[in-house]
Amino acid sequence: MELLTKKDLLELKNEIMGELKKIQGNPSQQIPGFLKSHQVKELLNCSDSKLEALRKSGKLPCTKVIGTLYYKYDEVLKLFNNS
């Protein structure tokens, strides 16, 4: 059994934050399996307000990473197929 120290957790945090900053600094880089809002709007052919309504209703969950909303590709497909 291995114990994690506070130092281990801080190193992990710094590594994750570094990777997120790389992604933010390079907009063309994508997180595999996730779509940004503009991509979801294009797929669903919907407006900003419609996408916001889908988020608020819980029909389309998302994750916010450094100010950018990401949607799981599978969730978008599920919503698209149910429409």
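Residues numbered from 1 in each chain as written. Predicted model: local features only at pLDDT ≥ 70, side-chain atom pairs only at ≥ 80, totals over all residues. Heavy atoms only, no water.

Helix and strand content of the protein: four helices and three strands. Written out in order from the N terminus, the α and β elements of the protein read α-β-α-α-β-β-α. Looking at the protein as a whole, 16% of its 83 residues are labelled buried. Just so you have it, the protein exposes about 6,600 Å², and 54% of that area is on carbon and sulfur atoms. (Helix = DSSP H or I, 4+ residues; strand = E, 2+ residues; numbered from the N terminus. Buried < 20%, exposed > 50% of the residue type's maximum accessible area, 1.4 Å probe, protein only. Areas by Shrake-Rupley, 256 points an atom, 1.4 Å probe, with all protein chains shown as cover.)

For the rest of this paragraph, the subject is the confidence of the model for the protein. Across the protein, the average pLDDT comes to 84, with 86% of residues at 70 or higher. Per-element confidence in the protein is highest for helix α3 (residues 48-57), whose mean pLDDT is 96, and lowest for helix α1 (residues 6-25), whose mean pLDDT is 77. (pLDDT = per-residue confidence, 0-100.)

Where strand β1 (residues 34-36) meets strand β3 (residues 68-72), three bridges bridge the pair, whose relative direction is antiparallel. Among the inter-strand pairings, Phe 34 is bridged to a residue of β3, identified as Lys 72. Sheet analysis places strand β2 (residues 63-65) next to β3, joined by three bridges and oriented antiparallel. Its bridge partner being in β3, Thr 63 is matched across the sheet by Tyr 70. The loop that links β2 with its antiparallel partner β3 comprises two residues; one of these, Ile 66, has a positive phi angle of about 45 degrees. (Pairing = 2+ DSSP bridges.)

Interaxial distance between helix α2 (residues 37-44) and α3 falls to 10 Å at its minimum, and their mutual angle equals 100 degrees. Relative to α3, α2 is oriented roughly perpendicular. Mapping the contact onto sequence places Ser 37, Val 40, Lys 41 and Leu 44 in α2 and Asp 48, Leu 51 and Leu 54 in α3. Of the residues in the contact of α2 with α3, the class split is four nonpolar, one polar and two charged. (Axes fitted to C-alpha atoms, helices over the stretch in contact; angles between N-to-C directions. Parallel < 35°, antiparallel > 145°, perpendicular 65-115°, else oblique. Contact = heavy atoms within 4.5 Å. Nonpolar A, V, L, I, M, F, W, Y, C, P; charged D, E, K, R; others polar.)

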